[in-house]
Amino acid sequence: MNFHVMTLFPEMVTQGLSDSIIGRAADRGLVSVHAVNIRDYANNRYRQVDDYPYGGGAGMVIQPQPVYDCYQALAKQIGQKTRVIYLTPQGRVFSQKLAEELAKEEDLIFLCGHYEGVDERVLEEIVTDPISIGDYVLTGGELPAMVMIDCISRLVPGVLHNDLSAEFESFQDNLLEYPQYTRPEEFMGKKVPEILLSGHHANIEKWRREQSVIRTARWRPDLLETAELTEQEKKLAAEIRES
Ligand code: ADE
C-alpha cells in the first residue's frame with residue numbers, strides 16, 4: 001500500500017509515521033509514505049501558494065495551480081486512477097468500515113488543507129473522497145491524514161504480527177474490545193479475573209464476549225443499535241443501560 005500525501009508540512013507527516021508499527025512496516029516494504037511539498041509546485045520565486053479570499057474574510061486560501069500541478073506529477077508517477085482524499089471537517093466521517101474499504105487500494109493520495117482552505121475549483125477537479133476524522137476543527141489536514149494512514153496500514157496483511165488482532169478488536173461487530181490483563185496476577189489489591197487463569201478457552205471466549213457487550217452498553221450504547229446480539233446479550237445490555 002502506497003500513501004502519497006500532498007502537504008505544506010511534509011516532515012510532519014513522514015516523521016510522525018516513521019516509528020513503531022508503521023515505521024517497521026515501511027522498512028519491510030509493506031507500506032510506503034511519500035509526502036510531497038505543495039510549495040515545490042509554486043510558480044513564483046517566493047514559493048507562495050496562498051492568497052486572500054475573493055469576497056473578503058479572514059485567513060488565506062491555498063491557490064489551485066500548485067495543488068493541481070502537484071497532483072498531476074503524482075498521478076503521472078502512480079500511473080493509474082487513484083482515489084484522492086481531501087481532509088476536511090466537511091467530509092464523510094472516517095470509520096473502521098471506511099478504513100477497510102480503503103485498505104483494498106494499492107495507492108491513495110491525501111490532500112492536506114491549511115489556513116481557510118483550498119480553492120474550490122481544484123477540489124472539484126481532483127478530489128474523489130472528502131473525509132473528516134470527527135466533528136471538531138483542526139489547524140490542518142496533516143494529523144487527520146496520519147490518523148487515516150495509521151488506521152489503514154494496520155489492516156494491510158503482514159503489518160500486524162498477529163493478523164487475528166486486527167480482526168478481534170474494538171468495532172468488530174460494532175462492539176468494544178474486552179478488557180486485557182497481563183502479569184502480575186495481583187496489582188494494588190486487584191486480581192486478574194479468575195476465568196482468564198483457567199485455561200478453558202471456550203469459557204474465556206464466552207466471558208470476553210460478555211465483557212464486550214457490558215463495556216459497549218456502558219460506554220458506547222449508540223453502537224449497540226447496529227451490533228448483532230443474541231437475545232441473552234440484548235437482555236444483558238438492557239440491564240447495564242438501566243443500572
Ligand atoms: N481539517 C481540519 N479539521 C479536520 C477534521 N476534523 N477532519 C479532517 N480534516 C480536518
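As a reminder, the structure under discussion sits directly above these lines.
Predicted model, so just to flag it, every value in this text is computed and none were measured.

Please give an account of the overall build of the chain that cites residues and values.
Secondary structure assignment for the chain yields nine helices and nine strands. Here the chain has a C-alpha radius of gyration of 22 Å; the compact-globule value for 243 residues is 18 Å, and the former is much larger. Each principal axis of the C-alpha distribution contributes one length, and for the chain these read about 70 × 40 × 35 Å. Per-residue burial over the chain gives 42% buried out of 243 residues. The long-range share in the chain, meaning contacts at least 24 apart out of those at least 6 apart in sequence, stands at 72%. Summing over all exposed atoms, the chain offers an accessible surface of approximately 14900 Å²; the carbon and sulfur share of this is 50%. Charge-centre separation for the chain: the mean point of 25 positive side chains lies 4 Å from the mean point of 38 negative side chains.

Which residues make up the site of the ligand, and what values do they have?
Residues in contact with the ligand, as listed here, are Leu87, Thr88, Pro89, Ile131, Ser132, Ile133, Gly134, Tyr136, Val137, Leu138, Gly140 and Pro144. The separation between a nitrogen atom of the ligand and a polar main-chain atom of Tyr136 is 2.8 Å. Taking 260 Å² as the accessible area of the ligand by itself, protein coverage stands at 96%. Of all the secondary-structure elements, those providing two or more residues to the shell around the ligand are β5 (83-93) and β7 (129-132). Class assignment of the residues belonging to the shell around the ligand gives a composition of eight nonpolar, four polar and no charged.

Could you give an account of the nonpolar core, naming the residues involved and the relevant values?
With 28 residues, the main nonpolar core has Phe94, Leu102, Phe110, Met148 and Ile152 as its most contacted residues. Of all the secondary structure elements, the ones that give two or more residues to this core are β1 (2-7), α2 (20-27), β5, α4 (96-102), β6 (107-112) and α6 (142-153). In terms of residues, this core owes the most to one element, α6, which gives six residues. Among residues more than four places away in sequence, those in contact with Leu102 are Met1, Arg83, Ile85, Phe94, Leu108, Ile131, Met148 and Ile152. Core analysis: the next-biggest nonpolar cluster, separate from the first, contains 21 residues, Ile38, Ala42, Val67 and Ile126 among them.

So what's going on with the pattern of salt bridges? Which residues, and what values?
Overall, the coordinates contain 10 salt bridges when judged by the stated rule. The residue Glu101 makes a salt bridge to Arg83 at a minimum N-O spacing of 2.8 Å. Here the residue Glu101 occupies a position in helix α4, and Arg83 occupies one in strand β5, the gap between them amounting to 18 residues. Arg83 gets classed as buried once you look at its relative accessible area, which sits at 18%.

Which residues make up the sheet that holds β7, and what values go with them?
Spatial strand order, β2-β1-β6-β5-β7: five strands in an open sheet with parallel pairing. Each of the sheet's edge strands pairs with one partner strand only, and the pair in question is β2 (32-37) and β7. Taken over all neighbouring pairs, the strand axes of this sheet differ in orientation by 30 degrees on average, direction set aside. Relative to β6, β5 runs parallel, the two being bridged by five bridges. Across the sheet, Tyr86 pairs through a bridge with Leu111, a residue of β6. Packed on one face of the sheet, helix α3 (residues 64-78) meets β1, β2, β5 and β6 and runs near 165 degrees to β1. With respect to the sheet, α6 is in contact with β1, β2, β5, β6 and β7, its orientation differing from that of β6 by roughly 160 degrees.

An account of the environment of Trp219 is requested, with residue identities and associated values reported.
With respect to the helices and strands, Trp219 occurs in helix α8 (residues 201-219). Residue Trp219 is classed as exposed on the basis of its relative accessible area, which comes to 56%. As a C-alpha pair, Trp219 and Leu176 span 43 residues in sequence and 8.8 Å in three-dimensional space.

Rules behind the numbers
- Residues numbered from 1 in each chain as written.
- Predicted model: local features only at pLDDT ≥ 70, side-chain atom pairs only at ≥ 80, totals over all residues.
- Heavy atoms only, no water.
- Helix = DSSP H or I, 4+ residues; strand = E, 2+ residues; numbered from the N terminus.
- Rg over C-alpha atoms; globule rule 2.2 N^0.38 Å.
- Buried < 20%, exposed > 50% of the residue type's maximum accessible area, 1.4 Å probe, protein only.
- Contact = heavy atoms within 4.5 Å.
- Areas by Shrake-Rupley, 256 points an atom, 1.4 Å probe, with all protein chains shown as cover.
- Lys, Arg positive; Asp, Glu negative; His and termini not counted.
- Charge placed at Lys NZ, Arg CZ, Asp CG, Glu CD.
- Near = heavy atom within 4 Å.
- Polar contact = N/O pair within 3.5 Å; in protein donor to acceptor, adjacent residues only side chain to side chain.
- Nonpolar A, V, L, I, M, F, W, Y, C, P; charged D, E, K, R; others polar.
- Core = buried A, V, L, I, M, F, W, Y, C linked by side-chain atoms within 4.5 Å.
- Salt bridge = Lys/Arg side-chain N within 4 Å of Asp/Glu carboxyl O.
- Pairing = 2+ DSSP bridges.
- Axes fitted to C-alpha atoms, helices over the stretch in contact; angles between N-to-C directions.

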